[in-house]
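Residue-level structural notes
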Amino acid sequence: QVRLEESGGGLVQAGGSLRLSCQVTGNLFSLDDMGWYRQATGNERELVAPVTRLGLPTDVDSVKGRFFISRDNAEVSLQRNSLKVEDTAVYYCYAGRWLGGEPYWGQGNQVTVSP
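What comes next concerns the included structure. Since the model is a prediction, treat every value here as computed from it, not as a measurement.

Rules behind the numbers
- Every chain begins its residue count from 1, and numbering advances along the sequence as written.
- Where totals are concerned, whole chains, interfaces and linings use all residues; where local detail is concerned, this predicted model gives features only for residues with pLDDT of at least 70, and gives and counts side-chain atom pairs only at 80 or more.
- Based on all heavy atoms of the structure, the side-chain values leave hydrogens and waters out of the count.
- At least two DSSP bridges between two strands are required for those strands to pair.
- Helix and strand definitions here come from DSSP, where helices need a minimum of 4 consecutive H or I residues and strands a minimum of 2 consecutive E residues; each element is numbered from the N-terminal end.
- Nine residue types can take part in a nonpolar core, namely buried Ala, Val, Leu, Ile, Met, Phe, Trp, Tyr and Cys, and a core is a set of them joined through side-chain atoms within 4.5 Å.
- Buried residues are those whose accessible area, probed at 1.4 Å on protein chains only, stays under 20% of the maximum for their type, while exposed residues exceed 50% and partly exposed ones sit between those limits.
- It only takes one pair of heavy atoms within 4.5 Å for two residues to be counted as in contact.
- All axes here are fitted lines through C-alpha atoms, helices being fitted over the stretch that makes contact, and every angle between N-to-C directions spans 0 to 180 degrees.
- Within 3.5 Å is the distance limit for a polar contact, defined as a pair of N or O atoms, with the added protein rule that one can donate a hydrogen and the other accept it, and that residues adjacent in sequence qualify only through two side-chain atoms.
- Pairing of aromatic rings covers Phe, Tyr and Trp, the last counted by its six-membered ring, and requires centre-to-centre distances within 6.5 Å; plane angles under 30 degrees mean stacked, over 60 mean edge-to-face, and any other angle means tilted.
- Cation placement over rings: the criterion is NZ of Lys or CZ of Arg within 6 Å of the ring centroid and within 35° of the ring normal.

The subject of this paragraph is the pairing of strand E6 (residues 67–71). Direction of pairing for E6 relative to strand E7 (residues 75–80): antiparallel, over a ladder of five bridges. Paired with Arg-71 across the two strands is Val-76, which belongs to E7. Where E6 folds back onto E7 in an antiparallel hairpin, the turn is made up of three residues.

Next up, the structure:
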């Protein structure tokens, strides 16, 4: 069984920075890509930072140049700089399964960016 535990959310002013971390426990060899989604109130869940099994990130236009993801064996981190009010959302860590199926999810972490 794989478990994802997130930390690092909170309140920050626009222009500031926050770092989210996702600690993974369990069968790490069963995992494929990992990363972060976010969901703002009234919106669908949005992919913001994926990273492959080999640790290669993929840019997402909405956060390009501001959000940076890193991955080691048991932890995925998301450094977010130059935060905007529209970045306010619940951020979810996810881990895809190598053999397919529903990904694993973290519990979600609220990030609020004030003007």
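After presenting the structure, the write-up continues.
Looking now at the nonpolar core. The biggest cluster of nonpolar side chains holds 28 residues, and the ones touching the most others in it are Leu-4, Leu-31, Trp-36, Leu-78 and Tyr-91. Listed by contribution, the elements that provide at least two residues to this core are strand E3 (18–25), strand E4 (31–39), strand E5 (46–51), E6, E7, strand E8 (89–97) and strand E10 (109–114). Leu-4 has contacts with Cys-22, Gln-23, Val-24, Cys-93, Tyr-94, Ala-95, Tyr-104, Trp-105, Gly-106 and Gln-107, leaving out every residue within four places of it along the chain.

This brings us to the sheet that holds E7. Taking strand neighbours across the sheet as the criterion, the four strands line up as E1-E3-E7-E6 in an open arrangement whose pairing is antiparallel. Looking at strand neighbours, the two that pair on one side only are strand E1 (3–7) and E6, the edges of this open sheet. The average angle at which neighbouring strand axes cross in this sheet is 15 degrees, direction not considered. Pairing between E3 and E7: six bridges, direction antiparallel. Pairing of Leu-18 across the sheet is with Arg-80, part of E7.

Further remarks concern the side chain of Ser-21. Locating Ser-21 in the fold gives a position in strand E3. Using a relative accessible area of 15% as the deciding quantity, one classes Ser-21 as buried. A polar atom in the side chain of Ser-21 sits 3.3 Å from the side chain of Glu-75. Setting aside its immediate chain neighbours within four residues, Ser-21 contacts Glu-5, Glu-6, Ser-7, Trp-36, Glu-75, Val-76 and Ser-77.

Turning to the packing of aromatic side chains, a few remarks are in order. Scanning all chains against the criterion turns up five aromatic pairs. Taking 6.5 Å as the distance between ring centres and 50 degrees as the angle between the ring planes, the aromatic pair formed by Phe-67 and Tyr-91 counts as tilted. Taken as a pair, Phe-67 in strand E6 and Tyr-91 in strand E8 lie far apart in primary sequence, 24 residues in all. Taking relative accessible area as the criterion, Phe-67 reaches 8% and is therefore assigned buried. On the accessibility criterion, Tyr-91 (0% relative accessible area) is buried. Seen from the ring of Tyr-92, Arg-45 lies directly overhead, with NZ or CZ sitting 3.9 Å from the centre. Positioned above the aromatic ring of Tyr-91, the side-chain terminus of Arg-80 is 4.7 Å from the ring centre.

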